[in-house]
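# Examining the three-dimensional arrangement
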Amino acid sequence: MAYGTLTEIFFYLFIIMIVFGALVAVSSPILMKAVMGLAMAMFGTAGLYLYLNSPFLALMQILIYVGAVCIMIVFGIMVGYTPKQLAAYAIGPKNTILALVTSLLTLGVLQLGLSRTQWVQAQGAGGGDCSLAALGEALMTRYGLAFELISVVLMIAMVGAVAITWNGKRRGLK
Amino acid sequence: MGDQERGKLNVHSYSAELQSRLERGAPGDLVVHDPGPLYKHKLADDIFNLCRANSLWPMTFGLACCAIEMMSLGMARFDISRFGSEVFRPSPRQSDLMIVAGTVNKKMASAVMTLYDQMPSPKWVIAMGNCAISGGPFAVEENYNVIEGVDKLIPVDVYVPGCPPRPEGLLEGILKLQEKISGVRHPFPQRKISDAPSY
Amino acid sequence: MENLAENRTAYTDLEPATDIPNENHYYLNMGPQHPSTHGVLRVLLEMDGEYVVDPQPVLGYGHRMQEKMAEHKNWMAFMPNTGRMDYAAALPYNHGYVALFERLCGIEVPARAEYIRVITSELNRIVSHHLWIGAMLLDMGAFTPILYTFDDREQVLDILEDVTGSRLTYCYFRVGGVCKDIDDKFVEKTRAFIKRQRERFDIYNKLVTGNIIFIKRTEGVGVISPDMARRYGVTGPVLRGSGIAYDVRKNEPYSVYPNFDFEIPVGRNGDSYDRYMVRLLEIEQSLRIIEQALDQLPEGSFLGKAPKKMKMPTGDCSFSVEAARGELTYYLVSGGGDIPYRLKIRVPSYSNLSVLPELCQGMLLSDLVAAMGSMDLVIPEIDR
Amino acid sequence: MHPATEKLVSALQDLSISVEACDYQQRGYHFEIDLEADKLRPLAECMLAREMFLGFVGGLHVKPAVEIIYQFASFERACRIVVRVPVAGDNSMPTISDIFQGANWHERETRDFYGVNFTDHPNLKPLILAEEDVDLKPLLKKDEDLKGATEVRWAVPVEEKPEVEKAEQG
Amino acid sequence: MISCNLNTYLIIAVFMLCLGLYGMMQHRSMIGMLISIELILNGAGLNFMAFNRFLAPDPVVGQIFTLFIMGLAAAEAAIAVSLIFAVYRKYQTSDPEQISDLRG
Amino acid sequence: MPPELLRMIIAAVLVVAFVFLNAMILGYMERKVSAHIQRRPGLMEVGPHGVLQLIVDGLKLIGKQLVVPEGSNKFLFRLAPVLSFAPCVLPFVVLPFARKLQIVSMDISLIFILAMTSINVIAILVAGWASNNKYSLFGTFRSVAQAVSYEIPMLLSILSIILITSTFSLQGIIAAQKYYWFILIQPLAFIIYFISGLAETNRAPFDMPEAESELTAGFHTEYSGMGFSFFFLAEYANMFTVCSIATVLFLGGWKGIPLPLGDYTGIFWFMLKVYGLLFVMIWVRWTYPRVRFDQLMTFCWKYLIPFSLANLLITAVLVKLI
Amino acid sequence: MNNRGYFGELWFGAKSLLIGLNVTIKELFRPIVTVQYPREECEITPNYRGHVELVFNTETGGCDCIVCGMCAKACPSDCLVVKGEKKEGEKRKSLTLFSLDFTKCSLCGSCVETCPKGALDYSQDYNIAGFTREEFHYDLIERLERRHQQPLAAAAGGN
């Protein structure tokens, strides 16, 4: 078995993870399972990032998506829903057809576009320095403003989240 | 106050579950889960039994006076941990051994049965103290509340009498239980204690 | 499958099936088997998140018909039962019971016997406090202190076992005295214990009293105000933590307690920390009493003139002693003969625990555990 | 007598409740009160106002009716009071659990053991006995054991001490 | 070697996008919708990375953008979850259909 | 079969074996140390001084019935132990046990470890939720809030080391401690990291999720047999990971007095340091009471985060200046 | 306690925690206090109250029981059964049955104290356990005889 074949097998494994996870994420009536599906899809995506020469992003994907976003969603589920409600939240039949049509249409159009397009490589593509140091350098210099902006957005999001959830001092029982 | 209200103290009004358990007696042959193919092998079975006997995790479960002596057994003076049994698990799911230490009364009986059922098999029970064995000093004529022996509710493997027994007594009970499980009395070298000295 | 209950979720199946009015609240069932309910107390908690809205203790899981048995046995035959009510400090229970009959029938007790009673009772009180300190710390997640206190406890148990013959549920006092005399070895061992215990306070203080986590967990938690204590009839160290110096040994002195010089430690705020401090200081006071009693110990007989077959006069009689947990009152109604007509036993923990629903409203679950631990509950005593 | 105790006694007498002083050495309490059920609540309020606490509430099964016994004591001084109240004909009793909250459980327990119905009690469910034992009432006496209310009171001061024998020593 | 083929990644990204769309429209609970949004964002990130690897001259750009997307996704999830709490507390439901104050 | 693959397989087997071995050593150590702190002998009878006890316990747990409670989500209930176990094994792949004893050498191994440990929380969430038991759910809530907030000071204190070394590679960090260990110049970061590590691994006094006296057994209340032992293994594996990172970042990793075959025997120093730290963890556990849940959060937000931020800032300024 | 301030509290807390650690580490190196029971003989006080036993009278070679039944009457839980019969030519009743249901005993000592002849005493059995509850329904006469066959061990025990 060649080393290349092995990597290829893992590649397929990641794709299957994504497909299966995403399907579970949107179709499971049990929200906890849906989140597990989402986590699985994220994990698969992280795997694909490895093939795209960016182990750093793969790890960040796991750290942020799996370690933070998913946990936050699960937390939301556990706090916001009683178990009974969770069981009752089956997928409504109302929008299914509409949703199916829309998404299939999008899929079709985009696939069409994909298959018709001949992608052209820019000059010097595939090369260049993609090390962590270069990434940090770029983040601090060229994209410094964007970096600052995203920091501000995160900050505001944090403050906003706290403000929305804040309900004054809750306990007045005694 | 009519006559029928009084003087009927021995008539227990048990809940249906308790009543049926008391009538049938303790379920001697409980449904044991399928142990899997490995256990059908004699040697493997012996090894597993040896392991079980030497790793009895009791449940944190005290009822009355004897519970204090049970605690004492876990403490530095007696130290049950020498036998690997100091892991008192608060959840019945993780415990192998239920030490019924104290009086079981009617109200508690259903809880005792539930807890026993919740323990995953294989599981064992030690009835510690006279109350758990037979109701002890409370098994009197006008008894209206105390269950006269926990073996009416759940199958008991080893009895440790006393009121309360000394911690050594309970330790002896655990050794007896090990003997029952693995077929050997404490498999590691042990000095024989001469029969209890008497006068 | 016969065994239907096997898969039931642990701990939750005793909850009431009824829905609670507030949708956000839910029931949490603590006990009757739960590590921090000290035996068989069951507390049904109505919770809002981690906050306790309404804790309702459910008693009776240790009910052993003590009052019923007292009415059907002659007075001596009930004697062993007294030690089994509060097994953590059985001798004050013995003491109250025999003193009750001595009062009712006017029986004299030799001085030596009274001294022996006081010494052993106080030793038993120390044992009880040892057990409590360990158990409370265990509730709060510290495992090691209980082993240290049990180490000290075993020293006392050795002393007591030597004279009473048992380790826990003593049946040592008799009407008119005690059933076995103490000897020089006992005195010697007790003195050695007093010395040792005084040295051990250092470890308690370093490991527990001064520990920031312990202080943070107990300070301001479960504050019992003097008014609340009065309305509920709270007694013992729990009451003294609230700053009221009520102690039966001082208030209605019995036995030879007036002969000793001791203080009643009181707290200031009535929180769990104060209750802890009061008990710790009480150990020291008990040591003082024992020391004085050993110094004054008179010679003489240890079992006075007691009737072999005692006939009680008709009438009622009450006797209160200070048990380790508070005021213990035996109230006897006698219709003559040698079987009590009615024996009402007022146990301290019963009233102490009845504060819980009011005390723990709006508390965090962890605080409830700490507050309940600081009460020093012995459940079979409450249920009798 | 302690001045506060004197005040308490006079306050009780103002409520036209007769208070009898007792020999503490013999009985272990200082005052006894025999009371009618309708005066119980004023008495309890008076006790709380005069800083007494409730020791216990217990039942006593005698002829003709079950008596409820209340014991009050004081945190500050030696003063212990026993109050006996026979239950009314319909086996009911006013509750004092709103005055002394500690009485709540005692009354529930008394209901368990004697079946006495405490009117206006917030929650008279079985406390110690199991739910299915509501009608057990274990402490009610059998007819042959039952005694009259006066048979269990102190008679005229008892002259003769019970017969005392020399006990064996050791 | 499909792992070296740009189209593979794009197809997967499109797949995630469409599933996300489907979930958005069809899920009845707000958390379900949030999950779908995360899927869509994930697809976008994958797209960026793929183009970055195969077409772009500077391999840093795509990575930075994907990082930004992650940051945004985290912020968005935080806000969304807290919104769900707030809505749930006010309306005692998290079915978006039933929150209809503005409709009168 | 390519040699690279063979190496990976052997390494994987070794790592899993080590995780089991580590759990046994740690379990034994914990029970023995706690016993001697409490002045009792501890395990004695099963094997000489009870060394076989953990093996016996493990075999017994294998033989126990696995109860799936009624009303639980069967799939997720079974998934959770595996989910908690798997990510705990992965960090071992990049740990530098000695100069040449490292299975995979990665530039960003530190991030890899952090990413893997963050998955563990999901397992706890799933376990608590799937059990359909209120005590489990309570434990889960606490665990998540705790893990999420203590991750911040932990990362901040790690960052101040990263600022000094400017590398995420564990070997690089060890190499940077050529003359002195970083604990000497970053004592505050070490203390903050260690406290956060205690909280991350749910060790006393921060063992909220499994607070015995409050929540019985917390999130694994319903787990029996192997399910329980997987959580147990994961906890000990996590402890090892946290302590080995501390060793690498602050205590010079495998460096020590030179031994023959230094490239491989450095593992001796590494293990010595790691187990030393683990001993401290055990020591702490058997000394203190448990803190209350809100105090735990207050401590994090009021003390740890400000201090770690200040430490980071000062470090940044100093690194720039020097 | 409350007015220590931010740093004061930190300092106090850290100090108290270190003091705690100091205590436990010191204890770690102190000798153990355990009596390793089955391997080490544990000391039981001679006054220990085990279940009751008939006393062996070395002079008469039997027991002193006169079958008065006082002990059975005094027992709060009715765990003693004493029976005797009057044989021909004997002055008093001789003991035929003396059984003890130890599972009901509460070790109160009433029987020992009421016995007019001192024929009862507590045994030293502190470590009994068994597989059935009937094992603890003792026939005390038989036990006495069994002990009597090993008089040396019996005599050492005390009384």
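Below or above, wherever it landed, is the structure these notes cover. (Residues numbered from 1 in each chain as written. Chains lettered and ligands numbered in written order. Predicted model: local features only at pLDDT ≥ 70, side-chain atom pairs only at ≥ 80, totals over all residues. Heavy atoms only, no water.)

## Digging into the pattern of salt bridges
Scanning all chains against the criterion turns up 66 salt bridges over all chains. As a salt-bridge pair, Asp-79 of chain B and Arg-40 of chain F come within 3.0 Å of each other at their nearest N and O atoms. In this pair, Asp-79 of chain B sits in the loop between α3 (65–74) and β1 (97–101) while Arg-40 of chain F sits in the loop between α1 (3–37) and α2 (53–62), so the two residues belong to two different chains. As far as the burial class goes, Asp-79 of chain B and Arg-40 of chain F line up, both buried. Several salt bridges converge on common partners, so that one network encompasses Glu-67, Glu-71, Arg-342, Lys-344 and Arg-384 of chain C together with Glu-109 and Lys-141 of chain D. (Salt bridge = Lys/Arg side-chain N within 4 Å of Asp/Glu carboxyl O. Helix = DSSP H or I, 4+ residues; strand = E, 2+ residues; numbered from the N terminus. Buried < 20%, exposed > 50% of the residue type's maximum accessible area, 1.4 Å probe, protein only.)

## Re the interface of chain A and chain E
Each partner contributes to the interface: chain A provides 85 residues, whereas chain E provides 76 residues. Both sides together, the interface formed by chain A and chain E hides about 7100 Å², and carbon and sulfur atoms give 74% of it. Viewed at the interface, chain E and chain A are joined by 0 salt bridges. One can count 3 residue pairs in polar contact (both at pLDDT 80 or more) joining chain A with chain E. Listing elements by their share of the side of chain A that touches chain E, those giving two or more residues are α1 (3–27), α2 (31–51), α3 (55–80), α5 (96–116), α6 (132–140) and α7 (144–165) of chain A. Element by element, the count of residues in the side of chain A that touches chain E is highest for α3 of chain A, at 14 residues. Of the residues assigned to the side of chain A that touches chain E, the class counts are 57 nonpolar, 24 polar and 4 charged. (Contact = heavy atoms within 4.5 Å. Buried area = accessible area lost by both parts, 1.4 Å probe. Polar contact = N/O pair within 3.5 Å; in protein donor to acceptor, adjacent residues only side chain to side chain. Nonpolar A, V, L, I, M, F, W, Y, C, P; charged D, E, K, R; others polar.)

## A closer look at the sheet that holds strand β5 (residues 80–86) of chain D
Residues and elements named next belong to chain D. One open sheet holds the 5 strands; their spatial order is β1-β2-β5-β4-β3, and the pairing between them is mixed. Of all the strands in the sheet, just β1 (20–21) and β3 (52–60) have a single pairing partner and so form its edges. Pairing of strand β4 (residues 67–74) with β5, which is carried by 7 bridges, proceeds in the antiparallel orientation. Of the residues in β5, the one forming a bridge with Phe-72 is Ile-81. Here helix α4 (residues 103–114) sits on the sheet and contacts β3 and β4; the angle it forms with β3, its principal contact strand, is near 5°. (Pairing = 2+ DSSP bridges. Axes fitted to C-alpha atoms, helices over the stretch in contact; angles between N-to-C directions.)

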